[in-house]
Amino acid sequence: MASNSMTSSRSSGSSWTVKQNKQFETALAFYDKDTPDRWDNVAKAVSGKTVEDVKKHYELLVKDINDIEAGRYPHPNYRSTTGTGN
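Scope of this entry: the structure provided in the associated data block. (Residues numbered from 1 in each chain as written. Predicted model: local features only at pLDDT ≥ 70, side-chain atom pairs only at ≥ 80, totals over all residues. Heavy atoms only, no water.)

If you walk through the whole model with that rule in mind, you get three aromatic pairs. Aromatic side chains F30 and Y31 sit 4.8 Å apart centroid to centroid with 85° between the ring planes, which places their arrangement in the edge-to-face category. A relative accessible area of 63% places F30 in the exposed class. In this structure, R38 packs its charged tip against the face of Y58, placed 5.4 Å from the ring centre. (Phe/Tyr/Trp six-rings, centres within 6.5 Å; stacked < 30°, edge-to-face > 60°. Buried < 20%, exposed > 50% of the residue type's maximum accessible area, 1.4 Å probe, protein only. Lys NZ or Arg CZ within 6 Å of the ring centre and 35° of its normal.)

So, in structure tokens, the structure goes:
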């Protein structure tokens, strides 16, 4: 089952399930940067994670986005699906 898949959090040593990542993303969209007690609310929305866990996870997300935008990761070569007759 997909929700049992684990992804590793590089800095904290904890792991995040697909379900927890989805909860995290949903909570970030709902509780924006101007929300009082944002991280408390995000942690409450993500099962099994503390305020410190969600803050670290967010910091990693921001670092990854910054690295991608700075060109530190190569662009993937996706095959084109156009012209395949489908």
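So, about helix α2 (residues 38-45). Along α2, the residues that are buried comprise R38, W39, N41, V42 and A43. In this structure, the buried residues of α2 make contact with α1 (18-30) and α3 (51-69). (Helix = DSSP H or I, 4+ residues; strand = E, 2+ residues; numbered from the N terminus. Contact = heavy atoms within 4.5 Å.)

Moving on: the packing of α1 against α2. Axis separation between α1 and α2 bottoms out at 9 Å; the angle between their running directions is 145°. For the crossing formed where α1 meets α2, the hand is right-handed. Two secondary-structure elements touch here, α1 through Q23, F24, A27 and L28 and α2 through R38, W39, V42 and A45. Split by residue class, the contact of α1 with α2 holds six nonpolar, one polar and one charged. (Axes fitted to C-alpha atoms, helices over the stretch in contact; angles between N-to-C directions. Left-handed = near helix turned anticlockwise from the far one by under 90°. Nonpolar A, V, L, I, M, F, W, Y, C, P; charged D, E, K, R; others polar.)

The next thing to look at is the nonpolar core. Of all hydrophobic cores here, the largest spans nine residues; its members are W16, F24, A27, L28, W39, V42, A43, V46 and V54. If you list the elements that add at least two residues to this core, you get α1 and α2. (Core = buried A, V, L, I, M, F, W, Y, C linked by side-chain atoms within 4.5 Å.)

A word on the pattern of salt bridges. Counted by the stated rule, this structure contains two salt bridges. Between K63 and D67 there is a salt bridge, and its shortest N-O distance comes to 2.7 Å. In this pair, K63 and D67 both sit in helix α3, four residues apart, roughly one turn of the helix. When its relative accessible area of 43% is taken as the criterion, K63 is described as partly exposed. Exposure remark for D67: the relative accessible area of 9% places this residue in the buried category. Through salt bridges with shared partners, a single ionic network connects K63, D67 and R72. (Salt bridge = Lys/Arg side-chain N within 4 Å of Asp/Glu carboxyl O.)

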